[in-house]
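One letter stands for each residue in the lines below.
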Amino acid sequence: MKKLIPVILGLLIAAPTMASEELAKAKNCTTCHGMAKKIVGPGYQEIAAKRAGEKGAEAALAAKIKNGSKDEWGKVPMPANAVTDAEALALAKWVLSFK
C-alpha cells in the first residue's frame with residue numbers, strides 16, 4: 001500500500017491536466033493552438049507567458065475562449081467556441097498553467 005500512495009497522489013494531481021487536455025481536443029482547440037508553438041493562434045505557453053501575473057486572467061481568458069476575440073494576436077480572429085462557462089474556465093485555468 002505504501003508504494004501505491006505516491007502513484008495515487010500523482011494520478012490525482014495529473015487528472016485535472018489530463019481532463020483539460022482532453023477537453024481542449026474535444027472542443028477542437030488544438031486545431032489552432034499548439035502546446036508550445038503557434039499553429040493558427042498562439043501556443044498555450046505563449047498565452048500563459050503573456051498573462052502571467054495578470055489580475056483576473058482566468059476570467060478574461062475564459063471569456064475570450066467562449067466569446068472569441070480579435071486583434072490581440074494578429075489579424076486572424078478567434079471564433080466563439082461552443083463551451084459552457086465551466087468548460088471555458090477549466091480550459092483557461094489549464095492554458096494558464098503552462099510555463
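Residues numbered from 1 in each chain as written. Predicted model: local features only at pLDDT ≥ 70, side-chain atom pairs only at ≥ 80, totals over all residues. Heavy atoms only, no water.

**Focus on the state of the cysteines**
Here a disulfide denotes a covalent bond joining the sulfur atom of one cysteine to the sulfur atom of another. Enumeration according to the criterion identifies zero disulfides in this entry. Cysteine C29 shares no disulfide, and the gap to the nearest cysteine sulfur, in C32, comes to 8.8 Å. (Disulfide = S-S within 2.5 Å.)

**Let's talk about the packing of helix α2 (residues 44-51) against helix α4 (residues 85-96)**
At a closest axis distance of 8 Å, the pairing of α2 and α4 adopts a crossing angle of 85 degrees. By the angle class used here, α2 and α4 are roughly perpendicular. Residues Y44, I47, A48 and R51 of α2 touch α4, and the partners they reach there are W94, V95 and L96. When grouped by side-chain class, the residues that make up the contact of α2 with α4 number six nonpolar, no polar and one charged. (Axes fitted to C-alpha atoms, helices over the stretch in contact; angles between N-to-C directions. Helix = DSSP H or I, 4+ residues; strand = E, 2+ residues; numbered from the N terminus. Parallel < 35°, antiparallel > 145°, perpendicular 65-115°, else oblique. Contact = heavy atoms within 4.5 Å. Nonpolar A, V, L, I, M, F, W, Y, C, P; charged D, E, K, R; others polar.)

**Quick word on the nonpolar core**
Core analysis: the biggest nonpolar cluster contains 18 residues, and A24, Y44, L61, I65, L91, W94 and V95 have the highest contact counts within it. Elements supplying a minimum of two residues to this core: α1 (4-26), α2, α3 (57-67) and α4. Apart from residues no more than four positions distant in its own chain, A24 is found in contact with C29, T30, Y44, L91 and W94. (Core = buried A, V, L, I, M, F, W, Y, C linked by side-chain atoms within 4.5 Å. Buried < 20%, exposed > 50% of the residue type's maximum accessible area, 1.4 Å probe, protein only.)

**Focus: the layout of surface pockets**
Considering only enclosed or pocket space, the largest pocket measures out at about 520 Å³ in volume. Lining the largest pocket are 29 residues; nearest its centre among them are H33, G41, P42, S69 and M78. Counting only elements with at least two residues in the lining of the largest pocket, the list comes to α2, α3 and α4. Of the residues belonging to the lining of the largest pocket, the class tally is 15 nonpolar, six polar and eight charged. (1 Å grid on protein atoms, 1.4 Å probe; cavity = no way out; pocket = protein on both sides within 12 Å on 5 of 7 lines; lining within 4 Å. Points joined across faces, edges and corners; volume = space filled by probe spheres on them.)

**Re the pattern of salt bridges**
Taken as a whole and assessed by the stated rule, the structure comprises seven salt bridges. Put simply, K27 and E87 hold a salt bridge, and the shortest N to O gap is 3.6 Å. Linking K27 in the loop between α1 and α2 with E87 in helix α4, this pair joins segments that are 60 residues apart in sequence. Note on K27: relative accessible area 26%, which makes it partly exposed. The salt bridge partner of E72 is R51, with a shortest N-O separation of 2.0 Å. Here R51 lies in helix α2 and E72 lies in the loop between α3 and α4, a separation of 21 residues in the sequence. You can call E72 partly exposed: its relative accessible area is 22%. The network of salt bridges with shared partners includes K50, R51, E54, K64 and E72. (Salt bridge = Lys/Arg side-chain N within 4 Å of Asp/Glu carboxyl O.)

**Concerning α4**
Between its terminal C-alpha atoms α4 stretches 16 Å, which fits the 16 Å expected from 12 residues at 1.5 Å a residue. When α4 is considered as a whole, its buried residues turn out to be A88, L91, A92, W94, V95 and L96. (Expected span 1.5 Å × (residues − 1).)

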